[in-house]
Amino acid sequence: LTWVAGALVVLALAGVELRHRAAAPGAGAADAPLWIWRSHDLRHVQAAGFYAVKELNLVEVPAVAEARILGDAEFLLWLNGSRIGSNRYASGATLDRYRVEPWLVPGRNRLVVELRSPSGAGGLSFELLADGQQLVRSDGSWTIYESHWRGLFGDRPMVPGERPRLLGRSPLGRWGSPAPGPLRPV
């Protein structure tokens, strides 16, 4: 009975992956965030936790900067070592919005998103807007780390990591096209 239940879960997750691939080509605007996740074999259903990291350089700090994020199943967002926010995915969820200009600095800035999933499958959509312009979006340029490494939240140079799996642009899978929600407290 356990084997049959496990096989059904694997088939269900494989179906999710096929929907992701089918929806990806040509969907959404060219600058829209891509849904990303860690690369792994979805036939192995097990809890997963990992980090998606992106660095950006700023000449000056913008007057207004907003992070928009949706992580499935759970996320924890950090900017330059400061915890910005966290949430869990629920059906019909909106993008969480956070004002982040107080945590940005001239020069190098590091975004870290800790992601967790009880099944190992999920997705991350992220966008950083500053003064109405897109500075960062979730795409293939992010780095994935399977575990915490010394200096992840500090000023140390990033160590080599993996590239994310690109799932596609919204509308996609069970996430559809999430709308921005209300501003959340940091």
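Enquirer: Residues and numbers for the overall build of the protein, please.
Expert: Of regular secondary structure, the protein possesses 1 helix and 12 strands. Taken from N to C terminus, the helices and strands of the protein fall in the order α-β-β-β-β-β-β-β-β-β-β-β-β. A burial count over the protein gives 45% of its 186 residues as buried. Relative to all contacts within the protein whose residues are 6 or more apart in sequence, the contacts with residues 24 or more apart total 80%. By element, 56% of the accessible surface of the protein is carried by carbon and sulfur atoms, the whole surface being about 9500 Å².

Enquirer: Before we move on, could you go through the pairing of strand E5 (residues 82-88) and cite the residues and values that matter?
Expert: The sheet contact formed by strand E4 (residues 74-79) and E5 spans 6 bridges and is antiparallel. Counted as the bridge partner of Glu 74 is Arg 88 from E5.

Enquirer: I'd love a proper account of the environment of Val 53, names of residues and values included.
Expert: In this structure, Val 53 sits in strand E2 (residues 48-58). Separated by 60 residues in the primary sequence, Val 53 and Val 113 have C-alpha atoms spaced 6.4 Å apart. Discounting residues that sit within four places of it in the chain, Val 53 has contacts with Arg 110, Leu 111, Val 112, Trp 142, Thr 143, Tyr 145, Leu 152 and Met 158.

Enquirer: Lay out the pairing of strand E8 (residues 123-130) in plain terms, naming residues and giving numbers.
Expert: Remember that side chains alternate between the two faces of the sheet whenever the strand is regular. The element E8 is largely enclosed, with a buried count of 8 among its 8 residues. Alternating residues of E8 divide into Gly 123, Ser 125, Glu 127 and Leu 129 and Leu 124, Phe 126, Leu 128 and Ala 130, and every residue in both groups is buried. For strand E3 (residues 65-72) and E8, the ladder comprises 8 bridges, and the chain directions are antiparallel. The residue of E8 that forms the bridge with Ala 65 is Ala 130. The pairing of E8 with strand E9 (residues 133-137) spans 4 bridges and is antiparallel. Bridge pairing in E9 links Ala 130 to Gln 133.

Conventions and cut-offs
- Residues numbered from 1 in each chain as written.
- Predicted model: local features only at pLDDT ≥ 70, side-chain atom pairs only at ≥ 80, totals over all residues.
- Heavy atoms only, no water.
- Helix = DSSP H or I, 4+ residues; strand = E, 2+ residues; numbered from the N terminus.
- Buried < 20%, exposed > 50% of the residue type's maximum accessible area, 1.4 Å probe, protein only.
- Contact = heavy atoms within 4.5 Å.
- Areas by Shrake-Rupley, 256 points an atom, 1.4 Å probe, with all protein chains shown as cover.
- Pairing = 2+ DSSP bridges.

Everything listed is a geometric property; what it means functionally is a separate question.
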